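The lines below spell out each chain.
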Amino acid sequence: HREVVEVTIAQTLLLYPRLVNEAVKVASVSVFRAKPPEAEYVFFQDVIGRLPFRYILYLPVSKMDAIGRAMASGGAVSIEGMYLDAVCEFVNIVVGNACARLAGGAGELHVRPPLVRKASEVPAVADDMARVELTTPTGDFELVLLFGPPGGPAEPTGTEPGALR
């Protein structure tokens, strides 16, 4: 899974600073089961095909706000609406770019729509996973990658972006 981990981290590190205008660095990468990160909401997207995985982003409200404001070109946003949709779109861009690099144009990977949930509803532990702690000058956030076909305890029940209003 090394290639998936490297490419998804690279895309997150490339796109987050471009959007939010804030530096981000990898603080640590681990491949063991651990307590889920602290966050109110979790944003995730499943990839199916040759290299199936789930990209899960745990963001504190301050990071959600920064992404939401950047996606809205600095306009006012709120957690009840634009905020959630904007972060889902950010996840979709990161995962789409990562899949383009991983598939090499062969169309072997397909993405499902990004979803948002309360963090307590989406377990972030699996037997086959990577956990990436990311740090910025204004706070930290986490990326979790679960490997294998979608399903099991973390399978979503269909909440679409923005449905938590």
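All values reported here derive from a predicted model rather than from experimental measurement. (Residues numbered from 1 in each chain as written. Predicted model: local features only at pLDDT ≥ 70, side-chain atom pairs only at ≥ 80, totals over all residues. Heavy atoms only, no water.)

Tracing the backbone shows Ser30 in strand 1 (residues 25–30). Here Ser30 is in contact with Met129, Ala130 and Arg131, once residues within four sequence places are set aside. (Helix = DSSP H or I, 4+ residues; strand = E, 2+ residues; numbered from the N terminus. Contact = heavy atoms within 4.5 Å.)

A few words now on the confidence of the model for the protein chain. Interpreting fine coordinate detail is not advised for predicted regions of low pLDDT. Of the residues in the protein chain, 76% reach a pLDDT of 70 or more, and the chain-wide mean stands at 81. Counting interchain partners and residues more than four positions distant, the pLDDT-below-50 stretch residues 152–165 has 37 contacts. (pLDDT = per-residue confidence, 0-100.)

Glancing now at the pattern of salt bridges. Scanning the entire structure with this criterion turns up six salt bridges. In this structure, the salt-bridge partner of Arg131 is Glu142, at a minimum N-O distance of 2.6 Å. Taken together, the residues span a long stretch of sequence, with Arg131 in strand 6 (residues 129–136) and Glu142 in strand 7 (residues 139–147) at a distance of 11 residues. On the basis of relative accessibility, which here comes to 10%, the residue Arg131 falls in the buried class. Accessibility expressed as a relative area gives 14% for Glu142, which makes it buried. (Salt bridge = Lys/Arg side-chain N within 4 Å of Asp/Glu carboxyl O. Buried < 20%, exposed > 50% of the residue type's maximum accessible area, 1.4 Å probe, protein only.)

A separate point is the nonpolar core. Within the largest apolar cluster, 38 residues are counted, with the highest numbers of intra-cluster contacts made by Phe43, Phe53, Tyr55 and Leu57. The contact partners of Tyr55, leaving out residues within four places of it in the chain, are Thr8, Thr12, Phe43, Phe44, Gln45, Val91, Val94, Val95, Leu143, Val144 and Leu145. Formed by nine residues, the second largest nonpolar core is a distinct cluster that contains Ile56, Tyr58, Ala119 and Val144. (Core = buried A, V, L, I, M, F, W, Y, C linked by side-chain atoms within 4.5 Å.)

One non-glycine residue, Asn21, lies in positive phi territory at about 60°. With respect to the helices and strands, Asn21 occurs in the loop between helix 1 (2–20) and strand 1. Owing to a relative accessible area of 73%, Asn21 belongs among the exposed residues under this scheme.

This part takes up the packing of aromatic side chains. In the structure shown here, the tally under the stated rule is two aromatic pairs. Pairing Tyr16 with Phe90 gives two aromatic rings, centres 6.4 Å apart and planes at 80°, and the pair type is edge-to-face. Residue Tyr16 is found in helix 1, and its partner Phe90 is found in helix 3 (residues 82–103); the two are separated by 74 residues along the sequence. Relative accessible area serves as the criterion here: at 0%, Tyr16 is assigned to the buried category. A centroid spacing of 5.1 Å and a plane angle of 40° characterise the contact between Tyr16 and Phe141, whose relative ring orientation is tilted. With a gap of 125 residues between them, Tyr16 in helix 1 and Phe141 in strand 7 connect regions that are remote in the sequence. Here the two residues Tyr16 and Phe141 agree in accessibility, since each one is buried. Ring-pair connections join several aromatic residues into one group, and the members of that group are Tyr16, Phe90 and Phe141. (Phe/Tyr/Trp six-rings, centres within 6.5 Å; stacked < 30°, edge-to-face > 60°.)

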